[in-house]
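# Inside the fold
What follows is each chain in one-letter form.
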Protein chains: 2
Amino acid sequence: MDRSGGRARHSGDLIAALSGRNLAHNLHSDVLWDMGFAIVSGQYAQGSILPPDTELLDRFRVSRTVLREALKTLAAKGLIEARARIGTRVLPRNRWNLFDADVLAWHFELGPEVSFLQSLAEVRIGIEIEAAALAAERRTDEQAKLLLAAVDRMAAASTPEDFARHDLDFHKAVANASGNPFMASISALVEMALTAAFTISSPVNEPEALIQTVAVHRAIAQAILDKNPQGAREAMRIAIAEGFARAAGRMEGV
Amino acid sequence: MDRSGGRARHSGDLIAALSGRNLAHNLHSDVLWDMGFAIVSGQYAQGSILPPDTELLDRFRVSRTVLREALKTLAAKGLIEARARIGTRVLPRNRWNLFDADVLAWHFELGPEVSFLQSLAEVRIGIEIEAAALAAERRTDEQAKLLLAAVDRMAAASTPEDFARHDLDFHKAVANASGNPFMASISALVEMALTAAFTISSPVNEPEALIQTVAVHRAIAQAILDKNPQGAREAMRIAIAEGFARAAGRMEGV
DNA sequence: ACAGGCAGATAAGTATGACAATATTGGGCG
DNA sequence: CGCCCAATATTGTCATACTTATCTGCCTGT
């Protein structure tokens, strides 16, 4: 009965808005988010069978076309798999594409767990450390300039949103300078982590933290400028670890 | 005119077969692979607009349902974005989900470039090094046992396929022991890299290389057993770098 | 009693034609 | 000359019918 047409929007919208991604509001995306969240939140257990088409059709009051396209989207992200006569099965989590922006967003909708933020920080450390090191080896002068500019904008930011945006720009610039397409491809992940972290606590509100965060990022940029891979690695590790520590401290402490 | 029903299958099938993944053969997956490959191969340039539904319908001789589900799948993987009245646009590569198994497979269909293999090795180094370090900190005794068993099976493998399978098992076991769900989620990537590498040159055929490869993997397992993160990091880096070097050397050097 | 295949039932896959929503483009009106 | 609106092209949604795959269980032949 709670299926009134205009229910509250997903937290994913915040992230989409921040990133300038389109958030077209079509029926199929409604169904998609509903089902995606239901699966990620465990409402449909891994390995279980979803209700058959007919039942879902009745529940969502949409056409078969819409439902099936939503399910196909979930299948494309590795959440489900359909088989004739059996039904549509929820796949085990290790088949899910956790690097997908939507799948990540659904995870955040059930409240960012500290353990999840930590997992995120760990992958970021792995990938972005290498990206920084590669950038230090391969950067062009042009790319180095962009990095320094991004740091300057971080230092000058006045609102948490501004800061987060420029922070993201910085990390994207590092990924680009690495010359490795995979590095650039995980910006969705970085974006989610940064958004989550800054939703919890932004350095902008704590002058001391702001100065330190900017300093660490400037150290990364400098190491890349100096073509110093090892220095870039270490600085990047500190930047990510500190960002996570601040958010985690804020969540547990207080 | 070349749209005869039973044309040669994609190289992706090899990988799917090796991984035991299902390869259902429905219409929509035909269209999906055709279009996916066309986009990845640059046949449809980034930022360009795909032909309208009507034209694609005519080209593939399928129903609108099938075509649209295939396009929705591509959209879910970040390759395209449809907008009313505008058409369906090919997104820039940095929006593509390169960690998706299908997208990866399409990249390999146009012949594995050395530069692409290198990019793959670089991300693997980033992620798997951290996974190994985390595994060294968090492993259970049970997980350690599985690791050693996988190494033993690698040493005893007699065919390239067997070796690749056990190698993959090993890397999956490390990812599992890390306790980080993201690490486990990239096994598709590792799988692709290993399959590609061993298609080019398997250590099984070179006794010396086999001994060395097994030794390095045993070193990883031992470091994790000893709860020695730094040792695990270094051994993992060597394992991946050597694997890539062997394949690359075989491709360029002859 | 058992093996094997044959048929029914169920759920996903495919087809088709019509209509709605949306955004660009160009023309008409102030 | 500029603004607004309508024509138009393209994707989005709907409803219904039919096809294919495959699991279950009966049924037959040995």
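Residues numbered from 1 in each chain as written. Chains lettered and ligands numbered in written order. Predicted model: local features only at pLDDT ≥ 70, side-chain atom pairs only at ≥ 80, totals over all residues. Heavy atoms only, no water.

### Some words on the interface of chain B and chain A
Interfaces are often sized by the amount of accessible area the parts lose when they come together. At the interface, 41 residues of chain B touch 41 residues of chain A. Across the chain B/chain A interface, buried area totals approximately 3,500 Å², and carbon plus sulfur atoms make up 56% of it. At the surface where chain B touches chain A, the tally comes to eight salt bridges. At the boundary of chain B and chain A, one finds 16 residue pairs in polar contact (both at pLDDT 80 or more). Elements that contribute at least two residues to the side of chain B that touches chain A include exactly α4 (64-76), α6 (114-138), α9 (181-185) and α12 (229-253) of chain B. Looking at the side of chain B that touches chain A, the element that brings in the most residues is α6 of chain B, giving 12 residues. A breakdown of the residues in the side of chain B that touches chain A according to their chemical character gives 17 nonpolar, 10 polar and 14 charged. (Contact = heavy atoms within 4.5 Å. Buried area = accessible area lost by both parts, 1.4 Å probe. Salt bridge = Lys/Arg side-chain N within 4 Å of Asp/Glu carboxyl O. Polar contact = N/O pair within 3.5 Å; in protein donor to acceptor, adjacent residues only side chain to side chain. Helix = DSSP H or I, 4+ residues; strand = E, 2+ residues; numbered from the N terminus. Nonpolar A, V, L, I, M, F, W, Y, C, P; charged D, E, K, R; others polar.)

### Overview of the protein's contact with DNA strand C
Taken together, 21 residues lie around DNA strand C, and R68 of chain A together with L27, S63, T65 and R85 of chain B are the ones closest in. Within 4 Å of the protein, the contacting atoms of DNA strand C are drawn from sugar and phosphate to the extent of 62%. For the surface near DNA strand C, the secondary-structure elements that each account for two or more residues are α4 (64-76), β1 (80-83) and β2 (87-90) of chain A together with α2 (27-40) and α4 of chain B. Grouping the amino acids of the surface near DNA strand C by side-chain chemistry returns eight nonpolar, six polar and seven charged. (Near = heavy atom within 4 Å.)

### Topic: the protein's contact with DNA strand D
Lining the immediate environment of DNA strand D, one finds 22 residues, of which L27, S63 and R85 of chain A together with R64 and R85 of chain B sit closest. Among the atoms of DNA strand D lying within 4 Å of the protein, the sugar-phosphate backbone contributes 63%. D53 of chain B places a polar main-chain atom, nitrogen or oxygen, 3.1 Å from a phosphate oxygen of DNA strand D. Here R64 of chain B contributes a side-chain N or O atom positioned 3.0 Å from a base oxygen of DNA strand D. Elements represented by at least two residues in the surface near DNA strand D include exactly α2 (27-40) and α4 of chain A together with α4, β1 (80-83) and β2 (87-90) of chain B. A per-element tally of the surface near DNA strand D places α4 of chain A first, with three residues.

### Considering the side chain of H166 of chain A
Residues and elements named next belong to chain A. Relative to the helices and strands, H166 is located in helix α8 (residues 160-177). Classification of H166 by relative accessible area gives buried; the value is 13%. Discounting chain neighbours no more than four positions away, the residues touching H166 are A150, R153, M154 and A157. (Buried < 20%, exposed > 50% of the residue type's maximum accessible area, 1.4 Å probe, protein only.)

### Looking at the domain arrangement of chain A
Each domain of chain A was delimited in the assignment, giving domain 1 (12-95) and domain 2 (112-252). Here the C-alpha centroids of domain 1 of chain A and domain 2 of chain A sit 32 Å apart. (Domains from an automatic or database assignment.)

### Brief notes about the pairing of β2 of chain A
Where a strand is regular, its side chains alternate between the two sheet faces. All names here are of chain A. Inspection of the sheet shows β1 paired to β2 by four bridges, in the antiparallel sense. Counterpart to R83 in the pairing with β2 is G87. Hairpin connection, β1 to β2: the antiparallel pair is bridged by three residues, and R85 has positive phi, about 75°. (Pairing = 2+ DSSP bridges.)

### What about α8 of chain A?
Residue and element names in this part refer to chain A. Look at α8: 26 Å from first C-alpha to last across 18 residues, which is about the 26 Å you get at 1.5 Å a residue. Buried residues belonging to α8 abut α6 (114-138), α7 (141-156), α9 (181-185), α10 (187-200), α11 (207-225) and α12 (229-252). Positioned one or two residues after α8, G179 has a phi angle of 70°, which is positive. (Expected span 1.5 Å × (residues − 1).)

### With respect to the relation of the copies chain B and chain A
When chain B is fitted to chain A, the residual RMSD is 0.1 Å, and the transformation amounts to a turn of 180° plus an axial shift of 0.0 Å. Read as a symmetry element, the transformation amounts to a two-fold axis. Scanning chain B for the C-alpha nearest the rotation axis identifies G126 of chain B, at a separation of 2.3 Å. (Least-squares fit on C-alpha atoms with pLDDT ≥ 70 in both.)

### Points about unusual backbone geometry
We note that R61 of chain A has phi near 55°; this positive angle belongs to a residue other than glycine. By the secondary structure assignment, R61 of chain A is in the loop between α3 (53-60) and α4. On the basis of relative accessible area, R61 of chain A is assigned to the exposed category, the value being 66%. Look at R85 of chain B: it is not a glycine, yet its phi comes out positive at around 70°. Tracing the sequence through the fold places R85 of chain B in the loop between β1 and β2.

### Digging into the environment of R64 of chain B
Residues and elements named next belong to chain B. With respect to the helices and strands, the residue R64 is situated in helix α4. Separated by 10 residues in sequence, R64 and T54 place their C-alpha atoms 8.5 Å apart. Apart from the residues within four sequence positions on either side, R64 is in contact with D53 and L57.

### A closer look at the packing of helix α5 (residues 101-109) of chain A against α10 of chain A
Residue and element names in this part refer to chain A. Remark: α5 packs on α10, axes separated minimally by 9 Å, with the N-to-C direction vectors making an angle of 20°. One finds that α5 runs roughly parallel with respect to α10. The element α5 and its partner α10 pack so that their crossing is right-handed. Residue-level contacts link A101, L104, A105 and F108 of α5 to A188, L189, M192 and A196 of α10. Looking at the contact of α5 with α10, its residues break down into eight nonpolar, no polar and no charged. (Axes fitted to C-alpha atoms, helices over the stretch in contact; angles between N-to-C directions. Parallel < 35°, antiparallel > 145°, perpendicular 65-115°, else oblique. Left-handed = near helix turned anticlockwise from the far one by under 90°.)

### Thoughts on the confidence of the model for chain A
Residue and element names in this part refer to chain A. Averaged over all residues, the pLDDT of chain A is 88; the fraction at 70 or higher stands at 90%. Here helix α1 (residues 12-19) stands out as the least confident element of chain A, with mean pLDDT 46; α7 is the most confident, with 97. Throughout residues 1-22 the model reports pLDDT below 50, and contacts reaching past four residues in sequence, or to other chains, amount to 24 contacts. (pLDDT = per-residue confidence, 0-100.)

### Side note on the packing of aromatic side chains
Within this structure, the stated rule accounts for 11 aromatic pairs over all chains. Between the aromatic rings of F108 of chain A and F116 of chain A, the centroid separation amounts to 5.6 Å while the plane-to-plane angle is 80°, which identifies the pairing as edge-to-face. Here F108 of chain A matches F116 of chain A in class, with each residue buried. Where F116 of chain A meets F182 of chain B, the ring centres are 5.6 Å apart and the plane angle is 45°; that geometry is what we call tilted. With F116 of chain A in helix α6 and F182 of chain B in helix α9, this residue pair bridges two chains. The burial state of F116 of chain A is the same as that of F182 of chain B; both residues are buried. (Phe/Tyr/Trp six-rings, centres within 6.5 Å; stacked < 30°, edge-to-face > 60°.)

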